[in-house]
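Here is what each chain is made of, one letter per residue.
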Amino acid sequence: MASQEQLSAIKGAKVLMVGAGGIGCELLKTLALSGFQDIHIIDMDTIEVSNLNRQFLFRQSHVGQSKAKVARDAVLRVRPNISITPYHANVKESRFNVDFFKEFDVVLNGLDNLDARRHVNRLCLAADVPLVESGTTGFLGQVTVHLKGKTECYECQPKPAPKTYPVCTITSTPSKFVHCIVWAKDLLFAKLFGDKNLENDLNVHSNDAANSSEHSDVFEYRKDEDIEEYGRRIYDHVFGHNIEVALSNEETWKNRNKPRPIYSKDVLPEKLSEQNGNMEKGCVTDDVSAMASLGLKNPQDVWSLGENSRVFLEALRLFFLKREKEIGNLTFDKDDQLAVEFVTAAANIRASSFGIPLHSLFEAKGIAGNIVHAVATTNAIIAGLIVIEAIKVLIKDSNNYRMTYCLEHPSRKMLLMPVEPYEPNKSCYVCSETPLSLEVNTHRSKLRDFVEKIVKAKLGMNFPLIMQGASILYEVGEDLEEDMVAIYAANLEKALSELPSPVTSGTVLTVEDLQQEFSRNINIKHREEFDEEKEPDGMLLSGWVEPPVDKDKNKPIGNGESTSNALPAEESLEAKKDVTIQEISEVTEIATGTKRKLSEVSKGTTPDHSGLSDETRNHNQLEKLDVDDEDDELMISDDWESLTKKKRL
Amino acid sequence: MPKKLKHQNNEQDAGLKELLRIVDEPKARWILWRTQPLIPIFSRFARLLKVASFYGYCEHLEFALKLTVQVVVEQETALYDRQIRVWGADAQRRLSKSHILVYGIKGTVAEFCKNIVLAGVGSLTLVDDRVVNEEALSANFLILPDDNLFQGKTLAEVCCDSLKEFNPMVRVSVEKGDISTFGVEFFEKFDVVVISCCSLAKKKLINQKCRKLSKRVAFYTVDCRGSCGEIFVDLQNYKYSKKKLEENIDCQLEYPSFEEAISVPWRALPRRVSKLYFAMRVIEGFEDVEGSNPGETLIADLPGVLKLRKELCETNSLNESQIPNALLERLLIGTREYPPVCAIIGGILGQEVIKAISGKGDPLKNFFFFDAMDGKGLIEDISEPNTGS
Ligand SMILES: [Zn+2]
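Residues numbered from 1 in each chain as written. Chains lettered and ligands numbered in written order. Predicted model: local features only at pLDDT ≥ 70, side-chain atom pairs only at ≥ 80, totals over all residues. Heavy atoms only, no water.

K.L.:
Break down the overall build of chain A for me, with residues and values.
P.N.:
Counting its regular elements, chain A contains 20 helices and 16 strands. Looking at chain A as a whole, 60% of its 649 residues qualify as buried. The long-range fraction of contacts in chain A, counting pairs at least 24 apart against all pairs at least 6 apart in sequence, stands at 70%. Accessible area of chain A: about 25,400 Å², with a carbon and sulfur share of 48%. (Helix = DSSP H or I, 4+ residues; strand = E, 2+ residues; numbered from the N terminus. Buried < 20%, exposed > 50% of the residue type's maximum accessible area, 1.4 Å probe, protein only. Contact = heavy atoms within 4.5 Å. Areas by Shrake-Rupley, 256 points an atom, 1.4 Å probe, with all protein chains shown as cover.)

K.L.:
Describe the overall build of chain B, and please don't skip the residues or the numbers.
P.N.:
Within chain B one finds 14 helices and ten strands. Taking all 389 residues of chain B together, the buried fraction comes to 57%. Relative to all contacts within chain B whose residues are 6 or more apart in sequence, the contacts with residues 24 or more apart total 67%. Summed over all atoms, the accessible surface of chain B reaches about 16,700 Å², with 53% contributed by carbon and sulfur.

K.L.:
Report on the coordination of the zinc ion, specifying residues and quantitative values.
P.N.:
Residues and elements named next belong to chain A. For the zinc ion, the full set of protein donor atoms is Cys153 (SG), Cys156 (SG), Cys428 (SG) and Cys431 (SG), at a range of 2.2 to 2.3 Å. Coordination at the zinc ion comes from four donor atoms whose angles at the metal span 95 to 114°, giving a geometry best classed as tetrahedral. Written as a sequence motif, the donor residues of the zinc ion are C-x2-C-x271-C-x2-C. Here Cys431 lies in the loop between β8 (414-419) and β9 (436-440) and Cys156 lies in the loop between β6 (140-146) and α6 (167-171), a separation of 275 residues in the sequence. (Donors = N, O, S within 2.8 Å, 3.2 Å for Na, K, Ca; no water. Tetrahedral: all angles 85-135°; square planar, octahedral: opposite > 155°, others 65-115°.)

K.L.:
So what's going on with helix α17 (residues 482-492) of chain A? Which residues, and what values?
P.N.:
All names here are of chain A. For α17, every residue scored as buried is listed here: Tyr488, Asn491 and Leu492. Axial view of α17: buried residues confined to an arc of 100°, hence all on one face. Buried residues along α17 sit against α16 (447-456) and β11 (471-475). (Arc of directions from axis to C-beta.)

K.L.:
Describe the domain arrangement of chain A, with residues and values.
P.N.:
The domain boundaries assigned to chain A delineate domain 1 (4-160 + 373-419), domain 2 (175-355) and domain 3 (436-543). Averaged C-alpha coordinates put domain 1 of chain A and domain 2 of chain A at centres separated by 43 Å. (Domains from an automatic or database assignment.)

K.L.:
Can you tell me about the sheet that holds strand β14 (residues 539-542) of chain A, naming the residues and giving the values?
P.N.:
Residue and element names in this part refer to chain A. Read from one edge to the other, the open sheet built from six strands follows the order β11-β10-β12-β13-β9-β14, with strand pairing classed as mixed. This sheet does not close on itself; its edge strands, each paired only once, are β11 and β14. Strand after strand, the sheet turns through a mean of 25° between neighbouring axes, direction not considered. As paired strands, strand β10 (residues 464-468) and β11 are joined by four bridges and run antiparallel to one another. Paired with Leu465 across the bridge in β11 is Glu475. (Pairing = 2+ DSSP bridges. Axes fitted to C-alpha atoms, helices over the stretch in contact; angles between N-to-C directions.)

K.L.:
Can you explain the side chain of Lys355(B)? Please cite residues and give values.
P.N.:
Here Lys355(B) is to be found in helix α14 (residues 339-358). Residue Lys355(B) is classed as buried on the basis of its relative accessible area of 10%.

K.L.:
Report on the confidence of the model for chain A, specifying residues and quantitative values.
P.N.:
Residues and elements named next belong to chain A. Residues with a pLDDT of 70 or more make up 78% of chain A, whose mean pLDDT is 78. Low pLDDT, under 50, characterises residues 204-215; the stretch is placed with 15 contacts to residues that sit more than four places away or in other chains. Predicted confidence is poor over residues 274-286, with pLDDT under 50, and the contacts of this stretch with residues over four places away or in other chains come to 16 contacts. (pLDDT = per-residue confidence, 0-100.)

K.L.:
Before we move on, can you summarise unusual backbone geometry with the specific residues and values?
P.N.:
Residue Lys365(B) is joined to Asn366(B) through a cis peptide bond whose omega torsion reads -15°. One can find Asn366(B) in the loop between α14 and β9 (367-371). Its identity as a non-glycine residue notwithstanding, Asp128(A) has a phi of 55°, on the positive side. The phi dihedral of Ser317(B) falls on the positive side, at around 45°, and the residue is not glycine.

K.L.:
I'd like a description of the pattern of salt bridges, backed by residues and values.
P.N.:
Residues and elements named next belong to chain A. Counting across every chain of the model gives 46 salt bridges over all chains. Salt-bridge contacts for Lys265 lead to Asp266; the nearest nitrogen and oxygen are separated by 3.7 Å. On the basis of relative accessibility, which here comes to 54%, the residue Lys265 falls in the exposed class. Given the relative accessible area of 52%, Asp266 is considered exposed. Of the charged contacts, one joins Glu493 and Arg448 as a salt bridge, the two residues approaching to 2.5 Å between their closest N and O atoms. Within this pair, whereas Glu493 is found in the loop between α17 and β12 (508-513), its partner Arg448 is found in helix α16, the two being separated by 45 residues in sequence. (Salt bridge = Lys/Arg side-chain N within 4 Å of Asp/Glu carboxyl O.)

K.L.:
Can you explain the environment of Val145(A)? Please cite residues and give values.
P.N.:
Residues and elements named next belong to chain A. Summarising the element assignment, Val145 is placed in strand β6. Look at Val145 and you get buried, because its relative accessible area is 3%. Discounting chain neighbours no more than four positions away, the residues touching Val145 are Leu131, Thr151, Glu152, Glu389, Val393, Tyr401 and Arg402.

K.L.:
Account for the confidence of the model for chain B, naming residues and giving values.
P.N.:
Regions with low pLDDT carry predicted coordinates that are not meant to be interpreted in detail. Residue and element names in this part refer to chain B. With 78% of its residues at a pLDDT of 70 or more, chain B has an overall mean of 83. Below pLDDT 50 for its whole length, residues 1-8 participates in one contact with residues either more than four positions away or in separate chains. Among the prediction metrics, the complex's ipTM stands at 0.85, with pTM recorded as 0.77.

K.L.:
Could you give an account of the UniProt feature "binding site: Zn(2+)" (unreviewed entry) in chain A, with specific residues and numbers?
P.N.:
Residues and elements named next belong to chain A. The sites that UniProt annotates as "binding site: Zn(2+)" (unreviewed entry) are Cys153, Cys156, Cys428 and Cys431. Over a stretch of 279 residues, the named residues converge on one spot in the fold, their C-alpha atoms separated by at most 8.5 Å. On the secondary structure map, Cys153 appears in the loop between β6 and α6. Setting aside its immediate chain neighbours within four residues, Cys153 contacts Asn121, Leu125, His146, Cys428, Val430 and Cys431. Setting aside anything within four residues of it in sequence, one finds Cys156 in contact with Pro424, Asn425, Cys428 and Cys431. (UniProt positions renumbered as here; feature names shortened; annotations may be inferred.)

K.L.:
Run through the packing of aromatic side chains, naming residues and quoting values.
P.N.:
How two aromatic rings sit relative to each other is given by the distance of their centres and the angle of their planes. Within the structure shown, the criterion is met by 36 aromatic pairs over all chains. Here the aromatic rings of Phe193(A) and Phe342(A) are separated by 5.2 Å at their centres, their planes lie at 80°, and the arrangement is edge-to-face. Of this pair, Phe193(A) sits in helix α7 (residues 177-193) while Phe342(A) sits in helix α13 (residues 337-353), placing them 149 residues apart in sequence. With respect to burial, Phe193(A) and Phe342(A) carry one shared label: buried. Through a chain of ring-to-ring contacts, the aromatic side chains of Trp183(A), Phe189(A), Phe193(A), Tyr221(A), Tyr230(A), Tyr235(A), Phe239(A), Phe312(A), Phe319(A), Phe320(A), Phe332(A) and Phe342(A) assemble into a single cluster. When the ring centre of Trp183(A) is taken as origin, the NZ or CZ atom of Arg350(A), which lies over that ring, is 4.4 Å away. In this arrangement the basic side chain of Lys114(B) is found over the ring face of Phe56(A), its NZ or CZ atom lying 5.0 Å from the centre. (Phe/Tyr/Trp six-rings, centres within 6.5 Å; stacked < 30°, edge-to-face > 60°. Lys NZ or Arg CZ within 6 Å of the ring centre and 35° of its normal.)

K.L.:
Please provide a residue-by-residue account of the interface of chain A and chain B, values included.
P.N.:
Interfaces are frequently sized by the accessible area removed from exposure as the parts join. In this assembly, 66 residues from chain A lie in contact with 64 residues from chain B. Between chain A and chain B lies a buried interface of about 5,800 Å² when both sides are counted; carbon and sulfur atoms form 63% of it. There are four salt bridges connecting chain A and chain B. For the interface between chain A and chain B, the tally reads 13 residue pairs in polar contact (both at pLDDT 80 or more). Among the secondary structure elements, those contributing two or more residues to the side of chain A that touches chain B are α2 (22-33), α3 (67-78), α14 (361-368), α15 (376-394), β7 (403-411) and β8 of chain A. By residue number, the principal contributor to the side of chain A that touches chain B is α15(A), which donates ten residues. By residue class, the composition of the side of chain A that touches chain B is 32 nonpolar, 16 polar and 18 charged. As paired strands, β8(A) and strand β10 (residues 376-380) of chain B are joined by two bridges and run antiparallel to one another. Bridged to Leu416(A) within β10(B) is Gly377(B). (Buried area = accessible area lost by both parts, 1.4 Å probe. Polar contact = N/O pair within 3.5 Å; in protein donor to acceptor, adjacent residues only side chain to side chain. Nonpolar A, V, L, I, M, F, W, Y, C, P; charged D, E, K, R; others polar.)

So, in structure tokens, the structure goes:
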């Protein structure tokens, strides 16, 4: 049932959907049933088996095909007379520019990553098209409406930074299983199977410089070396020797439990190879798997230390035996069974050393691959709410826009909680004219650092153009002259103060993304020293609003680490003006036994992947766990806490 | 047909016997039942095994069979990976053994069916003998508007065909007949009964039948009118455990039947109970008195509805302003479902049924309301104060 006004608005509307995943499938169906006639849909992904439990427009036979196209075909069977235009493409492609966005009456996001969300936000602002944004995690979800100048934009509230761990926690003093996973994945796996030229902190804890250089080639596989021997050498080095070295630094262990060095001979019989191998032939799948060849079946079982040690050696053996060509180019991928087995085993052995509880492969895979929890029902509910807001946008019913939270436990009797949207943030670096300033060591920091850490990571630009007055220092684009490309490449490696037009204290840099039609001036201030732990970037951008430090009396209850565990409770409809905070429960409480809270899950899943990320991702930095490309449902990571401090419309 | 069935059963028995050599019985039955789509492969293995054991080749084939079983388990884990991460492997197993009955398939129930078929319940049985017509298409994406496809077919049959495609691991079937004439024993086969588009009398009747059984059958009613939706839940005496700060706490909830719930005098209800609750009772009562089909009211019925409101408000000493005219009008003319609301109510209902089957999470007690007008999704506990938890 819809009013005449609504019906005619729906019929005449041209809408753009970005994302044809979990939310997207539900949304496309609900839009079609609701009478929308002209729907365009962008999604770069192809269909995977793990999508099928909720992305109901897809079947087993569609695996590998374009989500956007299959979704279109499926919905046209139900509503043959409407127009659905699919684009199997990345929304960041230059053809989806401001003019493209201007053609639409409303843009509806069902995206899975912060990068693309920020990009769409900017294009919507530049094109002045309303945006309905959404996200789900498990039973939690949210829908928000963004209309330039009227409500806040998607980036008015800074998103929680991705979870980072101090290097020494990972290399020397892990206290949680996730630390062991990061170590196994970003250090050990990268060291053994990844690009040898990348820096690697695996041995960083060794305070004896001579000692570490002595072992510099311990990871080298010598020709004709017995592969099991090699595996045991690595094993003994990283789980035995390195722990002994760490133990020698007594200062570290004054207030900590000492780890236990583990050597392969203590947990495994002298010779293994006879026991392996005989079952290999029976392997049903083509995938090389240490679990299969060891006869381990259930990925939800937690293996003993002995089993983990066997998996470790077997996975290593299989990499060298069956996948030798890939060694040196591998990066961890959650869909790579052997890689997941190796990382699970290595993380568990390390955990065992440090007295941290061991985890199953299923759980380890979830942590290492940052797999987002997803169910069909939440997506369906969220899609329904998106359509309700989209219709309000079309009939310009701006007084009734709501952002709605879908909760797992009721808050004041509500499972679906509408909240009035907030005004634009006056100091938002995206939708306001707020000035930015950057403190940086202009002699030491290279232009590359500025591009990666500020322009891409913080400002979220894809095709940046950096200018100092009238001279261009750097540019990314499709049709650049060759000689310019060479100059820019050379500039990247120069310290800021040594650039052709030197950047020093007092310089104003202009940074632009022509596709996003987004431009900012940055005032440069030279600063000599930075705190390595607190300011790992070696530079500090201000004017850019960091997630607020909590000084409010409305402190969220419990969970001190969280910046996003609190919700504003809706009271305005009950004619009250104040806003209080309700605790939001643990997402995974009922789940697999992983005790991660919503906030951690979402922090972990925050930004950086897709498109550019392959070049920009820096594996040395332990900055983040990789984000799951295929999963469409992201975090509720919007900083609920900070919402409570803002004015209402 | 019967012959073929028997043949299949024999093969299943053989399969079961062979499986019992490897795993225990519940596990064997579960595997067998879940591998039904794979029966041809499976029975081939079973037969091979028999031949092999005769000739003493048993070990190799047993290994092959183990691998087959493993592949099936792996397939399920891969398919349900993301949701197992939400509710756990245990809950997934319970889901896969559960049997659901739905009656009255309009847009909201279609949404619900999609959700639980995707979630991987054991079986879903559909009852709705109405013939497919233009109106049925409006909010129901399970019906493809190809006239030739469903000539003469009932709603249940057409929806069954679509739902089967969503998940080959779930058995979806149709039961014909008038649900009010089904005996108590019919309902015994199910763990969950969901009814929609029903008269007041039918709701009460089926709820009673479910309550007569020795096993607990979760009972739900669901209805959407225009931009509003209502869910009623009866889990009878429901025990579950929830984790709080690493500890498992046992919880118990006592649910009233539908009849008991709606007989609670309105003045005994907490203040600020959703207006939608009262409005839905007025409309439901009006349809009952008029003997009209549920959801087939007209705006012309407004005077009659207002008269009933007056009577009910007087009996219950409730101020008539608690049930605004505008709301009643919306419900009266909202005979067609509103697809976004179907998605929302069908989603909430799906979640509740998953909670009830898996025993994980707090189930809602005992009414849920959503109104797209204000966007609130509200839980109301409508029970005698002493039947609380
Ligand atoms: Zn903004």
